[in-house]
Amino acid sequence: MIMSTESRYQFAKENYSKIGVDTDAAIERLGKIKISLHCWQGDDVIGFDHDGPLTGGIQTTGDYPGKATTPDELMADIDKALSLIPGTHKLSLHANYAIFENGEFADRDKLEPKHFAKWVAFAKERGLGIDFNGTYFSHPKAKQLTLANPDKEIRDFWISHTKACIRISEYFAAELGQPVLFNIWLPDGLKDVPADRFGPRRRTKEALDEILGMEYDKSKVFVSLEAKVFGIGMESYTVGSPDFSSLYATSKGIVPLLDNGHYHPTETVSDKISSFLLFNDRLALHLTRPVRWDSDHVVLFDDETREIAKEIIRNDALDKMFLGMDFFDASINRVGAWVVGMRNVQKALLYALLSPNKQLAEMQDTEQYSELMVFQEELKFYPFEDVWEQFCEQSGMIAGRDWFDEIKTYEQSVLSKRESVIE
Ligand code: RNT
Ligand code: ZN
């Protein structure tokens, strides 16, 4: 006998209710969680303001055909991805995705809201929010050091860039009526053993202080600082290390941003979240998948992603979090990569929402460690899939892998016809 989605869901609902979990409530909560879709997966982090390669200690690998090379192409690809992702989300833009019209150009220190007007129109039409990122790489003034540069002129350039970005973030917030996360990730570092670790960090601290001294609406724009342990060509010293960035963000009352590809391989962001929540009002995440290093592979429904989701849900921290994705795989269909990553984050959150968190914590507090292990293992076999299917159906989305047929059709009819492929 083949059971309908509805009867399978009823069966799952009953099973979960026996352990005190309300599946309807979980689905409802999941439907409201916004995740920021990172625009840079669509074009290998190139953007529209320079011709040169991607620099700054990060790299994309692969040459899958059909990447977006114009704003219209990128927007069409984002639309395709969004059409296969349940819910209404946010778009994470980088400053180098400014759209210049009629031959106009503005360098990064001179960016203005009008250079993002097309993105605002795009977001408005789709009910999306926007998060923003300063771009301190792929630029002649970002050879090795930006805010840490000993040359005041270069430091000032990047200070101006950041201030311009904060003003643009205010514009996004005002236009879209939603708070904006503005993230600063600095690639500054050195390939070899430094002679002075203090100086570059002091200069960075002072530059950030100067930036944050500007007037901006702190109830609408949340500035975050992203920590990192190393970059390509910056193996020996990273100015914005985890210690520097966390201490700076926490002491200044801005938002720490944890990217789960930015730590030593046996460190986990899931273990860091609770500590940050104790000392910060807000916390931002870049969800990614590091394979042996900061490789920025597509997010999977894997142990660490689930563990991160559990920390958010069981600490009741959803309202404090900014969730964004950050990966760039150029070796596979880029639109499909977005969809898999977003859906996996949603699956991990659903998995966490379907966990009897109070009961489990009680077992820990009463030292029932064997029971706790047995129960946690058993939960892995609960009918999670049926609840996911119900969630997708309610959102008007395909639950199983058949959504990929749409990506294949899009590849045949759109991606494979792009100039970059035909040339
Ligand atoms: C780099 C950081 C940063 C970038 C994006 C493009 O290691 O993770 O967040 O990936 O800003
Ligand atoms: Zn990141």
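Structure: see above.
Described in the following lines is the structure provided in the data block. (Residues numbered from 1 in each chain as written. Chains lettered and ligands numbered in written order. Predicted model: local features only at pLDDT ≥ 70, side-chain atom pairs only at ≥ 80, totals over all residues. Heavy atoms only, no water.)

Next up on the list: the overall build of the chain. Secondary structure summary: the chain contains 15 helices and 12 strands in total. Here the C-alpha radius of gyration of the chain, 22 Å, is about what a compact globule of 423 residues would show, namely 22 Å. Along the longest, intermediate and shortest principal axes, the C-alpha atoms of the chain span 70 × 55 × 40 Å. Burial statistics for the chain: of 423 residues in total, 56% are counted as buried. At a minimum sequence separation of 6, the contacts of the chain that also span at least 24 residues come to 79%. Considering the chain, the positive charge centre built from 48 side chains and the negative charge centre built from 68 side chains are found 3 Å apart. (Helix = DSSP H or I, 4+ residues; strand = E, 2+ residues; numbered from the N terminus. Rg over C-alpha atoms; globule rule 2.2 N^0.38 Å. Buried < 20%, exposed > 50% of the residue type's maximum accessible area, 1.4 Å probe, protein only. Contact = heavy atoms within 4.5 Å. Lys, Arg positive; Asp, Glu negative; His and termini not counted. Charge placed at Lys NZ, Arg CZ, Asp CG, Glu CD.)

With that settled, the discussion passes to the nonpolar core. One finds Ile78, Trp119, Phe132, Phe172 and Leu285 to be the most contacted residues of the largest nonpolar core, which totals 127 residues. Ranked by residues supplied to this core, first place goes to helix α10 (residues 334-353) with 12 residues. With residues up to four places along the chain from it excluded, the contact list for Phe132 reads Leu93, His94, Ala95, Phe116, Cys165, Ile168, Ser169, Phe172, Val180, Leu181, Phe182 and Asn183. Counting six residues, the second-largest nonpolar core is a separate cluster that includes Leu181, Phe222, Val255 and Leu257. (Core = buried A, V, L, I, M, F, W, Y, C linked by side-chain atoms within 4.5 Å.)

With that settled, consider the pairing of strand β9 (residues 283-287). Of all five residues making up β9, five are buried, and the element is well covered by its neighbours. Side chains Leu283, Leu285 and Leu287 project from β9 onto one buried face, and the interleaved Ala284 and His286 project onto a second face that is buried too. Pairing of strand β8 (residues 255-259) with β9 involves three bridges; the strand directions are parallel. If you follow Leu258 over to β9, its bridge partner there is Leu285. Between the parallel pair β8 and β9, the chain is carried across by helix α8 (residues 269-279), and the sense of this crossover is right-handed. (Pairing = 2+ DSSP bridges. Right-handed = clockwise from strand over helix to strand, strands pointing away.)

As a further point, take the coordination of the zinc ion (ligand 2). Coordination angles at a metal have ideal targets, namely 109.5 degrees for four tetrahedral donors and 90 or 180 degrees for six octahedral donors. Those protein atoms acting as donors to the zinc ion (ligand 2) are Glu226 (OE), Asp259 (OD), His286 (ND1) and Asp326 (OD), and they sit at 2.1 to 2.2 Å. Every donor counted, the six donor atoms about the zinc ion (ligand 2) form angles of 71 to 166° at the centre, which fits octahedral coordination. Written as a sequence motif, the donor residues of the zinc ion (ligand 2) are E-x32-D-x26-H-x39-D. Placement of the pair is Glu226 in strand β6 (residues 221-226) and His286 in strand β9, with a sequence separation of 60 residues. Relative accessible area serves as the criterion here: at 4%, Glu226 is assigned to the buried category. (Donors = N, O, S within 2.8 Å, 3.2 Å for Na, K, Ca; no water. Tetrahedral: all angles 85-135°; square planar, octahedral: opposite > 155°, others 65-115°.)

With respect to spatial proximity, 13 residues lie near ligand 1, and among them His94, Glu226, Lys228, His262 and Asp326 are the closest. One of the side-chain N or O atoms of Glu226 is found 2.8 Å from an oxygen atom in ligand 1. In the model, an oxygen atom of ligand 1 is placed 3.2 Å from a nitrogen or oxygen of the His286 side chain. A total of 310 Å² of accessible area belongs to ligand 1 in isolation, and the protein chains cover 99% of it. (Near = heavy atom within 4 Å. Polar contact = N/O pair within 3.5 Å; in protein donor to acceptor, adjacent residues only side chain to side chain. Areas by Shrake-Rupley, 256 points an atom, 1.4 Å probe, with all protein chains shown as cover.)

Within helix α14 (residues 403-413), burial applies to Trp403, Ile407 and Tyr410. An end-on view of α14 places all buried positions within 60° of arc, on one side of the element. (Arc of directions from axis to C-beta.)

A few words on the pattern of salt bridges. For the structure on display, the rule yields 32 salt bridges. Ionic pairing is found between Asp405 and Lys408, a salt bridge with its closest N-O pair at 3.9 Å. Taken as a pair, Asp405 and Lys408 lie in helix α14 at a separation of three residues, close to a single helical turn. Among the residues examined, Asp405 registers a relative accessible area of 41% and is labelled partly exposed. It is possible to trace a salt-bridge network through shared partners that takes in Glu307, Lys310, Glu311 and Arg314. (Salt bridge = Lys/Arg side-chain N within 4 Å of Asp/Glu carboxyl O.)

Another aspect to go through is the environment of Gly396. Its location among the elements puts Gly396 in the loop between α13 (384-394) and α14. The exposure class of Gly396 is exposed, given its relative accessible area of 62%. The spacing of Gly396 and Gly87 is 309 residues in sequence and 9.5 Å in space, taken between C-alpha atoms.

Turning to the packing of helix α1 (residues 5-17) against helix α2 (residues 23-31), a few remarks are in order. In contact at an axis separation of 9 Å, α1 and α2 are set at 105° when each is read in the N-to-C sense. Overall, the two elements α1 and α2 adopt an arrangement that is roughly perpendicular. Of α2, the residues touching α1 (which contributes Tyr9, Lys13 and Tyr16) are Thr23, Asp24 and Ile27. Among the residues making up the contact of α1 with α2, the classes are represented as three nonpolar, one polar and two charged. (Axes fitted to C-alpha atoms, helices over the stretch in contact; angles between N-to-C directions. Parallel < 35°, antiparallel > 145°, perpendicular 65-115°, else oblique. Nonpolar A, V, L, I, M, F, W, Y, C, P; charged D, E, K, R; others polar.)

Glancing now at the pairing of strand β11 (residues 293-297). Note: strand β10 (residues 289-291) against β11, two bridges, orientation antiparallel. Opposite Val291, over in β11, you have Trp293 as the bridge partner. Where β10 folds back on β11, the antiparallel hairpin that results is connected by one residue, among which Arg292 adopts a positive phi of roughly 70°.

This next bit is on the state of the cysteines. Throughout the structure, instances matching the rule amount to zero disulfides. In this structure Cys165 is a free cysteine whose sulfur lies 12 Å from that of Cys39, the closest cysteine sulfur available. Residue class for Cys165 comes out buried when judged on its relative accessible area of 0%. (Disulfide = S-S within 2.5 Å.)

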